[in-house]
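Take a look at the letters that make up each chain.
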Amino acid sequence: MKFDMQLAHFGQAADQVPADRAVLVRGSQWQQPGRHLFALVLTKKLHLELFPELECLTATLLPLLFFDESNVSPKTPQGTPIEYGRSNRFFLLADRSLGKCRFGPPSGGLILDAPLRAFGLGSYMLSRLIAWGKSHFPGSAVTVENIDLSRLGAEAAVVNAFCRRAGFEIIFHGGPEATCFVKRMELLADDYNRQRVTELEADIPADWLFPAVHSEKLIAHIRQYHLS
């Protein structure tokens, strides 16, 4: 419960401050390379007076546009805008006083919502957290995570591939339970599949992003510069 409470505070803070980095990315669907998801990934470094011993990096995915190369018509706008009310956010929380790091959301939630999976973007987001963690807390222990696969709605093979790409060991206990672990942050891999995920731009105008994301401007920009 303590971890949940801490992440709730950092999640609220992440909604109230501008991103340190905003990257427009394109992910290609697994085994269907002509189907693409364009999205914004926002990363924010956070410190709170309430928890002076903690540092946090968040990576938030904001889906914008789906594009299927096989379904293109000259009479209609390119791509389908995604109306998605919630953002998918991953956390890396570092406790300097204990020399420990922990990923979140808690309870095995380090996976994107089902409609957003299979485009490689979850691994991309996790890689950004790992790169920061290895740079700032390489020797820190990483908290063991117990994963409830039934809550994720994901197949064991998908979770296994996701965890092992990042350098985690994973043990399946039969049924929906699994354990994911690594001894130290420096042993993780800040890697993602660059054949499926492309960073398109990292110079998005600040007033398009904060205090609210202007998705209509971003979608028009994608259509003009990345689909025309």
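Above this note sits the structure.
Remember, predicted model here, so these are calculated numbers, not experimental data.

(A) Up close: the environment of Gln31. Relative to the elements of secondary structure, Gln31 occurs in the loop between β1 (21-29) and β2 (32-46). Judged by its relative accessible area of 65%, Gln31 is exposed. Placed 23 residues apart in sequence, Gln31 and Ala8 show a C-alpha to C-alpha distance of 36 Å.

(B) Expanded view of the sheet that holds strand β8 (residues 145-148). The three strands are arranged β8-β10-β9 in an open sheet whose pairing can be described as antiparallel. Each edge of the sheet is formed by a strand with only one pairing partner; in this case those strands are β8 and β9 (169-172). The average undirected angle you get between the axes of adjacent strands in this sheet is 25°. Taken together, the four bridges between β8 and strand β10 (residues 177-181) define a ladder with antiparallel strand orientation. Within β10, the residue paired with Asn146 across the bridge is Thr179. Docked against the sheet, helix α4 (residues 156-166) engages β8, β9 and β10, running at close to 160° with respect to β9.

(C) How the structure looks around the packing of aromatic side chains. What the rule picks out here adds up to five aromatic pairs. Here the aromatic rings of Phe103 and Phe168 are separated by 5.7 Å at their centres, their planes lie at 80°, and the arrangement is edge-to-face. One end of the pair, Phe103, is in strand β6 (residues 100-104); the other, Phe168, is in the loop between α4 and β9, with 65 residues separating them in the sequence. The two residues Phe103 and Phe168 agree in class, both being buried. For the cation-ring pair, Arg102 lies above Phe3, with the distance from its terminal atom to the ring centre recorded as 3.9 Å. The ring of Tyr192 has Arg194 lying over it, and the distance from NZ or CZ to the ring centre is 4.2 Å.

(D) Up close: the side chain of Asn88. Inspection of the secondary structure puts Asn88 in strand β5 (residues 88-95). Accessibility expressed as a relative area gives 3% for Asn88, which makes it buried. With near-sequence residues (within four places) excluded, Asn88 lies in contact with Ala59, Thr60, Leu61, Ile111, Leu112, Asp113, Leu116 and Met125.

(E) Molecular detail of helix α5 (residues 215-226). Between its first and last C-alpha, α5 extends 15 Å over twelve residues, near the 16 Å set by a 1.5 Å rise per residue. For α5, the set of buried residues is Leu218, Ile219, His221 and Ile222. Here the buried residues of α5 occupy an arc of 160° about the axis, which is enough to place them on one side. Here the buried face of α5 lies against β1, β2, β3 (54-68), β4 (80-81) and β11 (197-201).

(F) Seen up close, empty space enclosed by the protein. Scanning the model with the defined rule gives two cavities of 30 Å³ or more in all. By volume, the second largest cavity is sized at about 40 Å³. Taken together, Ser123, Leu126, Ser127, Ile130, Phe162, Arg165, Ala166, Ala189 and Asp191 form the lining of the second largest cavity. Elements supplying a minimum of two residues to the lining of the second largest cavity: α2 (121-136) and α4. No other element matches α2, which puts four residues into the lining of the second largest cavity. Class assignment of the residues belonging to the lining of the second largest cavity gives a composition of five nonpolar, two polar and two charged.

Cut-offs applied
- Residues numbered from 1 in each chain as written.
- Predicted model: local features only at pLDDT ≥ 70, side-chain atom pairs only at ≥ 80, totals over all residues.
- Heavy atoms only, no water.
- Helix = DSSP H or I, 4+ residues; strand = E, 2+ residues; numbered from the N terminus.
- Buried < 20%, exposed > 50% of the residue type's maximum accessible area, 1.4 Å probe, protein only.
- Pairing = 2+ DSSP bridges.
- Axes fitted to C-alpha atoms, helices over the stretch in contact; angles between N-to-C directions.
- Contact = heavy atoms within 4.5 Å.
- Phe/Tyr/Trp six-rings, centres within 6.5 Å; stacked < 30°, edge-to-face > 60°.
- Lys NZ or Arg CZ within 6 Å of the ring centre and 35° of its normal.
- Expected span 1.5 Å × (residues − 1).
- Arc of directions from axis to C-beta.
- 1 Å grid on protein atoms, 1.4 Å probe; cavity = no way out; pocket = protein on both sides within 12 Å on 5 of 7 lines; lining within 4 Å.
- Points joined across faces, edges and corners; volume = space filled by probe spheres on them.
- Nonpolar A, V, L, I, M, F, W, Y, C, P; charged D, E, K, R; others polar.

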